[in-house]
Structure formats: structure tokens, C-alpha cells
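A closer look at the structure
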Amino acid sequence: MIEHTVTFCLMHDSGSPEEADFLQTAAGLIAIPGVRDFKIQRQISEKHPHPFRITMTFAAQAEYDRYCEHSLHTTFVHERWLKEVRDFQEADFEDF
């Protein structure tokens, strides 16, 4: 099992229509085959600098690799993520 997690800050104002549109578009990533346990969450603690987290799991490395190469993911990264995310941190964990 692989857990893919990314925390991030947007360039948009909190509560803005642009923020909502970005998050709604990001939610479309759940449609990619192999994505499980998909969540978008808002940070409630001031201890972490990123107000949002997207997390999902994959049964195996092959599914994660297919996700990374899927056109929905690559299009989202190029058309939205690179233009609207100010800062992020990505972490991928595998069960042992």
C-alpha cells in the first residue's frame, strides 16, 4: 500500500471563488483508476504552514506510477498546480 500526500498553499485568498474552483478541480483526480481513499482536507492547526492537504492511497507501485502518468493528473499539474500553488511539500509512504 502506498500513501501519496501533498500539503500546499495556494496563491488565492482564503475563501475566494478561485480557491474553491482549484479545490473542486483537484477533487476530479479521484476519477483516475487506482486512486483509493481520496481526501482533500483543510488544516486546522497553526503549527503547519500549508492550509491544505490532498491524500490518497494506491494498492501498489504500478498503480501509483499510472496515476502520475495519467493525462488527468499531468494536465492538472501543468494547467493548475504549477500556476496556482505557492508552496508545497510532497510525501509518499509505503507500508512495510
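Please refer to the structure higher up on the page.
Quick look at the structure, then. Remember, it's a predicted structure, so these values are computed and weren't measured experimentally. Per-chain numbering applies: the sequence of each chain, read as written, is numbered from 1 onward. pLDDT decides what is reported in this predicted model: residues at 70 or higher carry local features, side-chain atom pairs at 80 or more are listed and counted, and totals for whole chains, interfaces and linings draw on all residues regardless. As a rule here, side-chain values come from all non-hydrogen atoms in the structure, and water together with hydrogens is ignored.

**Focus: the nonpolar core**
Think of a nonpolar core as a cluster: buried Ala, Val, Leu, Ile, Met, Phe, Trp, Tyr and Cys residues, connected wherever their side-chain atoms sit within 4.5 Å. Exposure is judged per residue with a 1.4 Å probe applied to protein chains only, and the accessible area is read against the type maximum: over 50% gives exposed, under 20% gives buried, and values in between give partly exposed. Ranked by size, the top nonpolar core spans 20 residues in total, and within it Phe8, Phe22 and Tyr67 carry the most contacts. Looking at this core, the elements with two or more residues in it are strand S1 (2-10), helix H1 (17-27), strand S3 (52-58), helix H2 (61-69) and helix H3 (71-84). Note on definitions: a residue-residue contact is assigned when non-hydrogen atoms from the two residues lie within 4.5 Å. Excluding residues within four positions of it along the chain, Phe8 makes contact with Phe22, Leu23, His50, Pro51, Phe52, Arg53, Ile54, Trp81, Val85, Asp87 and Phe88. Where helices and strands are cited, they refer to DSSP runs of H or I of at least four residues and of E of at least two residues respectively, numbered from the N terminus.

**Some remarks on the environment of Ile44**
Following the sequence through the fold, Ile44 ends up in the loop between strand S2 (36-42) and S3. Along the primary structure Ile44 and Met11 are separated by 33 residues, whereas in three dimensions their C-alpha atoms are 19 Å apart.

**Things to note about the pattern of salt bridges**
Think of it this way: side chains of opposite charge can pair up when their charged atoms draw near. Put simply, a salt bridge is a Lys or Arg side-chain nitrogen that is within 4 Å of an Asp or Glu carboxyl oxygen. Scanning the model with the defined rule gives three salt bridges in all. Arg42 is the partner of Glu19 in a salt bridge, and the nearest nitrogen-oxygen pair spans 3.6 Å. A residue pair is termed long-range when its members are at least 10 positions apart, and Glu19 in helix H1 and Arg42 in strand S2 qualify at 23 residues. Given the relative accessible area of 48%, Arg42 is considered partly exposed. A salt bridge links Asp21 to Arg80; the shortest N-O distance between them is 2.9 Å. Of this pair, Asp21 sits in helix H1 while Arg80 sits in helix H3, and the two are 59 residues apart along the sequence. Within the structure, one salt-bridge network assembled from shared partners comprises Asp21, Arg80 and Glu84.

Shape descriptors only; they carry no functional weight alone.
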